Amino acid sequence: MRFFPIVTAVLVCAALFFVVLQREQLLSFARGLTGDGDDVPTETSAPAAAEVPVAIATEEDAEAREDVHVVVLRSAAQDVADAVLVRGQSEAAREVVVQAETAGTVISEPIRKGEFVDAGQVLCELDPGTRVATLSEAQARVAEAAARLPEAEARVPEAEARVIEAEARLEEARINQNAADRLSEGGFASDTRVANADASLRAAEAGVITARTGLETTQAGIESARAAIQSAEAGVERAELEIANLTVEAPFAGLLETDTAELGLLLQPGGAPCATVVQLNPMKLVGFLPEAQVDRVAVGARAGARLASGGEVAGEVTFLSRSADDLTRTFRVEVTVPNDDLRIRDGQTAEILIETPTTRAHLVPASAMTLNDEGTLGLRVVEDGIVAFQDVTLVRDTVDGVLLTDMPDTLDVITVGQEYVTDGVPVRVTYVDEMAEVTQ
């Protein structure tokens with residue numbers, strides 16, 4: 001029962017061996033049979049040879065038969081709009097956790113999350129405690145210090161007069177001492193008189209020093225009074241700031257992401273927050289560009305995005321990082337889009353398409369693309385009737401075909417028959433435009 005399947009398998013393997021690996025020898029053998037007049041009549045030899053299929057035309061085959069007929073598209077490069085596609089997510093323009101700057105107990109009713117708040121709206125109000133009394137005390141100190149300043153300023157003329165009087169006595173003592181010295185040299189004054197004149201001079205000099213010290217002390221009193229006024233005014237400012245910090249306000253207009261602090265809760269700097277406010281209009285769409293694409297994008301470029309929910313939005317690039325992420329080696333890009341109706345939520349997935357400068361590319365059918373013997377993707381083109389392989393770079397797919405770049409501005413692309421020829425094979429060309437005219 002198993003004999004016939006085994007024989008069939010052997011025959012199939014033998015046939016495949018001769019058809020695939022020994023194709024040239026098989027064709028030569030077939031031509032020899034058709035050329036022998038004893039076996040096959042001459043009238044049937046030509047049709048039999050013509051019906052032998054040839055999968056791929058090579059240079060050797062081209063010498064033995066007519067050129068392969070191919071269909072060619074005459075393509076010219078054109079400027080096409082280009083873009084970079086990145087995947088990212090939406091992100092609130094601003095998000096702030098609002099905290100109190102002073103300690104106190106909440107005395108205001110809470111505002112529930114999801115509510116819209118305006119900039120400057122009170123979110124939490126704290127119990128003032130003794131802060132009002134502290135302000136009154138600081139204001140009283142200002143008044144007291146201000147009252148001492150005129151008294152200190154009134155002593156200045158008296159101190160200045162004492163200095164003038166002491167300087168006059170010093171001048172008088174110098175004159176008397178000089179006269180006593182001269183009289184003593186002439187023998188007309190006693191040593192006692194000279195000693196009294198010297199003592200008067202020393203006393204006058206000490207009086208001047210004392211008067212000047214008194215003047216400086218008076219001036220120092222004025223400065224002290226002014227410093228006391230400034231200190232008291234600073235105390236008033238601190239007390240007023242403490243009272244102002246009793247109301248915690250929204251820093252900008254937005255939505256409450258959390259409830260405000262509950263009535264009776266103790267708030268203090270660095271402790272429990274008052275609320276979390278997010279601004280969703282405008283909205284940021286954040287993505288990360290690879291190193292190969294970052295130079296194609298510029299700040300101000302137009303961009304569009306499709307959200308995971310199906311919505312589409314448009315905006316422009318407002319930020320492009322100059323520093324790559326240490327782990328992914330990608331660059332952060334931000335697109336700002338309007339969100340007047342607040343339909344875009346924070347954290348939604350989005351596909352972002354960023355416009356880049358136009359690219360010079362050819363539009364050809366996707367079916368025209370092929371691989372060479374090295375596995376390189378490209379096109380087979382015709383140059384002066386000879387087939388050549390052209391490397392290409394894929395820009396993107398379109399409904400009408402594929403956009404390819406890194407090619408000459410004009411070239412003849414084989415669209416039908418490219419899989420049956422290799423480099424260097426002469427071909428017979430029919431252009432797509434000519435076929436269209438014949439069809440019409």
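For the structure, see preceding data.
Residues numbered from 1 in each chain as written. Predicted model: local features only at pLDDT ≥ 70, side-chain atom pairs only at ≥ 80, totals over all residues. Heavy atoms only, no water.

Structural notes on the packing of aromatic side chains
One pair of aromatic rings is described through two measures. These are the centre distance and the angle between the planes. To keep things clear, this is the line we draw: Each Phe, Tyr or Trp ring, with Trp reduced to its six-membered ring, pairs with another whose centre is within 6.5 Å; inter-plane angles below 30 degrees give stacked pairs, above 60 give edge-to-face pairs, and intermediate values give tilted ones. Counting as a charge over the ring demands two things of the Lys NZ or Arg CZ atom: a distance within 6 Å of the ring centre and an angle within 35 degrees of the ring normal.
Counting across every chain of the model gives 0 aromatic pairs. It is Arg 74 that lies over the ring of Tyr 431; its NZ or CZ is 4.2 Å from the centre. Lying over the aromatic face of Phe 252, Arg 94 brings its terminal NZ or CZ to 4.3 Å of the ring centre.

Remarks on the pairing of strand 9 (residues 275-289)
Selection criterion: Note on exposure labels: buried denotes an accessible area under 20% of the residue type's maximum, exposed denotes more than 50%, and partly exposed covers the range between, all computed with a 1.4 Å probe on protein chains only. Only runs of H or I of at least four residues qualify as helices and only runs of E of at least two qualify as strands under DSSP, and these elements are numbered from the N terminus. At least two DSSP bridges between two strands are required for those strands to pair.
Counted residue by residue, strand 9 has 12 buried out of 15 residues, so it is predominantly covered. Across 10 bridges, strand 2 (residues 78-98) lies against strand 9 in antiparallel orientation. Each residue of the ladder has a partner; that of Gln 89, found in strand 9, is Val 286. Across 2 bridges, the pairing between strand 7 (residues 254-256) and strand 9 is antiparallel. The residue bridging Leu 255 from the neighbouring strand is Val 278, located in strand 9. With 7 bridges connecting them, strand 9 and strand 12 (residues 331-337) associate as antiparallel partners. Across the sheet, the residue bridging to Gly 287 is Val 333, located in strand 12.

Comments concerning the state of the cysteines
Rules: Two cysteine sulfur atoms form a disulfide, by the criterion used here, when they sit within 2.5 Å.
All told, the structure shown has 1 disulfide when counted by the stated rule. With a sulfur-sulfur separation of 2.0 Å, Cys 124 is cross-linked through a disulfide to Cys 274. One quick way to see it: the torsion about the S-S bond of Cys 124 and Cys 274 is about 95°, and its sign makes the bridge right-handed. Of this pair, Cys 124 sits in strand 5 (residues 122-125) while Cys 274 sits in the loop between strand 8 (266-267) and strand 9; the two residues are 150 residues apart in sequence, bridging distant segments of the chain. Of the two residues examined, Cys 124 and Cys 274, each falls in the buried class.

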